[in-house]
Amino acid sequence: MSRLIVVSNRVSPPAIDSTGSQGGLAVALAAALRQSRGIWFGWSGEQVAEFTGKLDFRRAQGVTTATIDLEPRDVDEYYNGFANRTLWPLFHYRIDITEYDRQFDSGYARVNRRFADTLCPMLETDDIIWVHDYHLIPLARELRARGVRNRIGFFLHTPWPPVRLLATLPHHEALVESMFAYDLIGFQTEEWMSAFTDYCLREAGGRVEPDGTAHAYGQCVKAAAFPIGIDAEAFQKAARSNEARAMARRMRASIAGRHMIIGVDRLDYSKGLEERFTGYERFLADNPDLLNRVFLLQIAPPSRNTIGTYREIREKLDQLSGRINGAHADVDWVPLRYVNRGYSRRDLAGIYRSARIGLVTPMRDGMNLVAKEYVAAQDPKDPGVLILSRFAGAARQMKDALLVNPYSSEEIADALRQAMAMERAERVRRNSALLDGVMRDDVTSWRESFVAALKAVPQR
Ligand code: ADQ
């Protein structure tokens, strides 16, 4: 059996910890790594004064991880720079805050070379290599330049932007050309995939076969959509755990007969938190009869704190939440509870289950797993209602949610009103249809179908 080699920017700790704090992706990949005696390779998250390429191997729960430390300059230019200040905003259609800086370019190329240099000596002839996400787009090209002929697949967790947006990136051609060193490129949805094939046709002057094989730059690569899922069974189990029940009891006491709306997101501008708060403010203004009968709990742990745009959004949200509570709060009621910390998966499952409405309104999202977790955590006999942005990749599969345009505070307010009034029979019908999809298209079937498609590509 060929080994699976997973490569990602960061490596999740291999310990599958008993508090259920590890996400579905890490668990799904760990299962495949364990079965194939594979290795998970990436950055340790640590910095050293000078890059040495020294590998730190660890083994836990049958999974081997290999990590390297990076230099402060690498972290600035590659991680905080090109990955998170150039590609992340650009791939989320935010060219207004995308930073184009040559220094970032060279740092990104350098770290991808460093990854290739350290990974190469570890590889065996029939290993299958699976590279994850926008941090490592040119990695396959670097590996090929070092003589690697193994099958290499790439999965993009974010959206892929339309041609006109991508064309604002200096050297966009070189970035796309480097992707032809992969054998298979996976996208979350058909929409992101066709933005990529569109580029191959219109910018690169290539052609695309009906099965998604793109030909350009004298090479070819297969593109396909593989919508990621959650570890649905484990999440349902987490929702029935003692910790989740205790959390649900705690929430019930604090909800005190009102309806809770829940939002759970990394604090990121792509998640539409500002617009969500404004939509909720609008809902409060439009529905005076519902004041004191509902509240929004928004959980948003800070992320990427060292980047200015992330500090700015945090300040804006602090102001907005102050404004909403200042205008509407009463002595015994606060309309918006805004919490900046993380919770274990079991606690989170208990919180989701207590919420009458799951409000998931990203402006743009590769998939969005919170929407799927919310559905999996519901009590099937008396479930809550999912309100979902039509611009999340998940909206393609989750048609039984209330789909909204997150740019419109009226649509958010109307959907909240509709969800509040929804009869139990309709809630049950919608949740059961959504749950079928979440259970069927889970993270294991995602991983298996990607790996099977990669194995089906003839080796170079
Ligand atoms: P993210 O942008 O991080 O992922 P998402 O898919 O919503 O977005 O996943 C977030 C995960 O973090 C969820 O599992 C959620 O439970 C967890 N989380 C968020 N806040 C938390 C908190 N306060 N405490 C504990 N856990 C919390 C990227 C892409 C997405 C894509 C995923 C997977 O941007 O579009 O769905 O990768 O491919």
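Reading the values: rules and limits
Residues numbered from 1 in each chain as written. Predicted model: local features only at pLDDT ≥ 70, side-chain atom pairs only at ≥ 80, totals over all residues. Heavy atoms only, no water. Patch = residues over 30% accessible without salt bridge, like charges linked within 9 Å, V, L, I, M, F, W, Y side chains within 5 Å. Areas by Shrake-Rupley, 256 points an atom, 1.4 Å probe, with all protein chains shown as cover. Salt bridge = Lys/Arg side-chain N within 4 Å of Asp/Glu carboxyl O. Lys, Arg positive; Asp, Glu negative; His and termini not counted. Charge placed at Lys NZ, Arg CZ, Asp CG, Glu CD. Helix = DSSP H or I, 4+ residues; strand = E, 2+ residues; numbered from the N terminus. Buried < 20%, exposed > 50% of the residue type's maximum accessible area, 1.4 Å probe, protein only. Pairing = 2+ DSSP bridges. Axes fitted to C-alpha atoms, helices over the stretch in contact; angles between N-to-C directions. Contact = heavy atoms within 4.5 Å. Expected span 1.5 Å × (residues − 1). Polar contact = N/O pair within 3.5 Å; in protein donor to acceptor, adjacent residues only side chain to side chain. Core = buried A, V, L, I, M, F, W, Y, C linked by side-chain atoms within 4.5 Å. Domains from an automatic or database assignment. Near = heavy atom within 4 Å. Nonpolar A, V, L, I, M, F, W, Y, C, P; charged D, E, K, R; others polar.

**Quick look at a positive patch on the surface**
A cluster of basic side chains, namely Lys237, Arg240, Arg245, Arg249, Arg252, Arg353 and Lys381, defines a positive patch on the protein surface. Broken down by element, the positive patch gets its largest block of residues, 3 residues, from helix α9 (residues 242-255). One can find Arg240 in the loop between α8 (232-239) and α9. We classify Arg240 as partly exposed; its relative accessible area is 46%.

**Considering the sheet that holds strand β13 (residues 336-339)**
The 6 strands lie next to each other as β13-β12-β11-β14-β15-β16, forming an open sheet whose pairing is parallel. If you trace the sheet from one side to the other, it starts and ends with β13 and β16 (402-404), each paired once. Adjacent strand axes in the sheet meet at a mean angle of 20° when their direction is disregarded. Here strand β15 (residues 385-389) pairs with β16 via 3 bridges, running parallel. Looking across to β16, one finds that Ser389 is bridged to Val404. Strands in contact with helix α12 (residues 345-354) are β11 (259-264) and β12 (294-299); relative to β11, the strand with the most contacts, it is inclined by about 140°. Sheet contacts for helix α13 (residues 369-377): β11, β14 (357-360) and β15; angle to β15, the most-contacted strand, approximately 170°.

**Quick word on helix α3 (residues 102-119)**
Counted at 1.5 Å a residue, the expected span for α3 with its 18 residues is 26 Å, and the 26 Å between its end C-alpha atoms agrees. Along α3, the positions that sit buried rather than exposed are Phe104, Gly107, Tyr108, Arg110, Val111, Asn112, Arg114, Phe115, Ala116, Thr118 and Leu119. Along its buried surface, α3 packs onto β1 (4-10), β2 (39-47), β4 (63-70), α2 (72-91), α4 (139-145) and α6 (172-179). If you check the start of α3, you find a side-chain oxygen 2.8 Å away from the backbone N of Gln103, and it comes from Asp101.

**Section: the sheet that holds strand β10 (residues 219-225)**
Strand order in this open sheet of 10 strands is β3-β4-β2-β1-β5-β6-β7-β10-β9-β8, and the pairing throughout is mixed. Strands at the two margins of the open sheet, each flanked by one partner only, are β3 (56-60) and β8 (207-208).

**Here we look at the nonpolar core**
Grouped together as the largest cluster of nonpolar side chains are 156 residues, with contacts concentrated most on Val7, Phe115, Trp160, Phe196, Leu386 and Leu388. The leading source of residues in this core is α2, at 9 residues. A domain split of this core shows at least three residues from each of domain 1 (4-229 + 443-455) and domain 2 (232-440). Excluding anything up to four places from it in sequence, Phe115 contacts Val7, Ser8, Asn9, Phe41, Gly42, Trp43, Ile68, Tyr78, Leu136 and Leu139.

**Looking at the site of the ligand**
Around the ligand, a shell composed of 22 residues is seen, among which His157, Arg266, Tyr343, Asp365 and Glu373 lie nearest. Between the ligand and Asn368 there is a distance of 2.9 Å, counted from an oxygen atom to a backbone nitrogen or oxygen. In the environment of the ligand, an oxygen atom lies 2.8 Å from a nitrogen or oxygen atom belonging to the backbone of Leu369. For the ligand, whose unbound accessible area comes to 710 Å², protein coverage reaches 84%. Elements represented by at least two residues in the shell around the ligand include exactly α12 and α13. Considered class by class, the residues forming the shell around the ligand number 11 nonpolar, 5 polar and 6 charged. For the shell around the ligand, the domains that each give at least three residues are domain 1 (4-229 + 443-455) and domain 2 (232-440).

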